[in-house]
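Observations on the three-dimensional arrangement
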Amino acid sequence: MIDDYFTLLEQELIAKSRYPWTQARSFDAVYVGGGTPTDLSPEQLNQLGQLIHRFFPLSDSCEVTLEGRLNRFDDNKFEAALAGGFNRFSFGVQSFNSKVRRAAKRLDKRDYIVERLSQLTASNRATIAIDLIYGLPHQTPENWQQDLQDVLDTGVHGVDLYQLLTFGGSGLQRNIDAGREAVPLSTSDKALMYQQGHQFFAQNAFRQLSYCHWANGEKEQSRYNSLAKQGAEILPIGAGAGGNINGYALMQTRDIDTWRAGITENYWAFEQLSLPANNAQLKAAITSACDQGLIDANKLPKGVRLFEHCQPLFKAWQTNGLVSLTDQQAALTMAGQFWSVNLANAMTQYLRMYPLSNGQ
């Protein structure tokens, strides 16, 4: 099935490279993920990287990321991916703790994860980033602190701290509902774990790139994530891939047969397609500002006028300890950063309810 999928992926990649739009300017980031690309063979990883470099114009500093897991990601796959032109790797570690990892359906034990990440970063041949999740069953402040220390000890170049959000139908949620797994932590407990991580990375001189991402040194840029939140155009390739073209947000079908038919008959098999929003530029600016932790009047569409228009909202946030407010900036506090996504949505909703008139 993987071989069949990869053949289709190659066909779609080449077909989409032939549009004038995809050749009009260089891509600044490529992200191969949203699944487990590390399950590909070394030969396929190498071929995929070479296809991307051969058929698309990439900027000199283009960040080409391969996402996946460390399970079975051996030296052969690492070497093949490097030879194919991948220069950044992102691994879903979730936790280093073996007991917590089992609850998160991760097979490898802590010692292997620590050793493998240390080997990859020590090679100094690519940027190595990882994801950690806080709020998982069996997590405690103590083993979470060890997770944070393991980030430092392995030398990885970047780390994301994501809050656990369970949803109906997921394997973890089914186990929780059936009593086979411990109930995850409360929102209050997760907020304290976020604070714990935030303070740890500040104390160890990590650069904070967003409310949830930190860099250890200058190597990590996390360019794709940053550009995506700024509303950059994204070309989707693969079943279930999401994109953004000229303001149209789209997601390709996850059904393999439907996706195959689209490739065979030369059409894009959408599962979702949204028309461009009138306020798309504004929404992207708000999302990016909250993601970065600073709403700056001079970087918003309509600038100071818009910032002043939102003063009632900002003052309410300040009263609740979510921002520190000055004449032209609203800096998110640590609590504000924890609620960053909610604040961005709230500001967008506020402007929908109380739009800034042309004459104001």
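So, here's what we can say about the structure. Within any chain, residue numbers begin from 1 and follow the written order of that chain's sequence. Restriction of local features to residues with pLDDT of at least 70 applies here, the model being predicted, together with a cutoff of 80 or more for giving and counting side-chain atom pairs; totals for whole chains, interfaces and linings are based on all residues. Values reported for side chains reflect all heavy atoms of the structure, with hydrogen atoms and water molecules removed beforehand.

Digging into the packing of aromatic side chains
For this analysis, a ring pair means two rings from Phe, Tyr or Trp (six-membered ring only for Trp) whose centres lie within 6.5 Å, classed as stacked if their planes differ by under 30 degrees, edge-to-face if by over 60, and tilted for the remaining angles. All chains considered together, the criterion is met by 21 aromatic pairs. The rule for a charge over a ring is simple: NZ of Lys or CZ of Arg within 6 Å of the ring centre, and within 35 degrees of the ring normal. Positioned over the ring face of Trp 268 is Lys 16, at 3.8 Å from the centre of the ring.

Description of a nonpolar patch on the surface
Patch criteria: residues need more than 30% relative accessible area and no salt bridge. Like-charged residues are merged within 9 Å; nonpolar side chains of Val, Leu, Ile, Met, Phe, Trp and Tyr are merged within 5 Å. Every accessible area reported is derived by Shrake-Rupley at a probe size of 1.4 Å, with residue values counting cover from the shown protein chains alone. One side-chain nitrogen of Lys or Arg within 4 Å of one carboxyl oxygen of Asp or Glu is enough to make a salt bridge. A contiguous nonpolar surface patch, about 410 Å² in accessible area, is contributed by Tyr 248, Phe 270, Leu 273 and Leu 275. By the criteria applied, helices consist of DSSP H or I runs no shorter than four residues and strands consist of E runs no shorter than two, each listed in order from the N terminus. Take Phe 270: it is sitting in strand E10 (residues 270-274). Remark: exposure states derive from per-residue accessible area (1.4 Å probe, protein chains only) relative to the maximum for the residue type, with buried under 20%, exposed over 50%, and partly exposed in between. Using a relative accessible area of 37% as the deciding quantity, one classes Phe 270 as partly exposed.

Some remarks on the sheet that holds strand E13 (residues 329-332)
Note on pairing: two strands pair once DSSP finds at least 2 bridges between them. In space, the three strands of this open sheet follow the order E11-E13-E12, with antiparallel pairing throughout. Edge positions in the sheet fall to strand E11 (294-296) and strand E12 (323-325), since each of these pairs with one other strand and no more. Averaged over all pairs of adjacent strands, the angle between strand axes in this sheet comes to 15 degrees, irrespective of strand direction. Where E12 and E13 come together, three bridges link them in antiparallel fashion. Only the contacting stretch of a helix is used when fitting its axis, a line to C-alpha atoms as for every element, and angles between N-to-C directions run 0 to 180 degrees.

So, the nonpolar core
Among the nonpolar cores identified, the biggest contains 58 residues, and Phe 89, Phe 91, Leu 117 and Ile 130 are the most heavily contacted of them. Non-local contacts of Phe 89, meaning those with residues more than four positions away in its chain, are made with Leu 66, Phe 73, Phe 78, Ala 81, Leu 82, Ala 126, Thr 127, Ile 128 and Ala 129. To qualify as a nonpolar core, a set must consist of buried Ala, Val, Leu, Ile, Met, Phe, Trp, Tyr and Cys residues joined through side-chain atoms within 4.5 Å. In terms of nonpolar packing, the next biggest core, distinct from the first, is built from 24 residues, Ile 286, Leu 343, Met 347 and Tyr 350 among them. Residues count as neighbours in contact if any of their non-hydrogen atoms are within 4.5 Å of one another.

Considerations on the pattern of salt bridges
Here the idea is simple: oppositely charged side chains can pair when their charged atoms come close. In this structure the tally under the stated criterion is 14 salt bridges. As a salt-bridge pair, Arg 88 and Glu 63 come within 4.0 Å of each other at their nearest N and O atoms. One end of the pair, Arg 88, is in strand E3 (residues 88-94); the other, Glu 63, is in strand E2 (residues 58-68), and 25 residues separate them in sequence. Here Arg 88 matches Glu 63 in class, with each residue buried. Of the charged contacts, one joins Asp 291 and Lys 229 as a salt bridge, the two residues approaching to 2.9 Å between their closest N and O atoms. Here the residue Asp 291 occupies a position in helix H12 (residues 280-292), and Lys 229 occupies one in helix H10 (residues 223-229), the gap between them amounting to 62 residues. According to the relative accessible area criterion, Lys 229 is partly exposed, its value standing at 28%. The network of salt bridges with shared partners includes Asp 4, Asp 257 and Arg 260.

Function-wise, these values are silent; they only describe arrangement.
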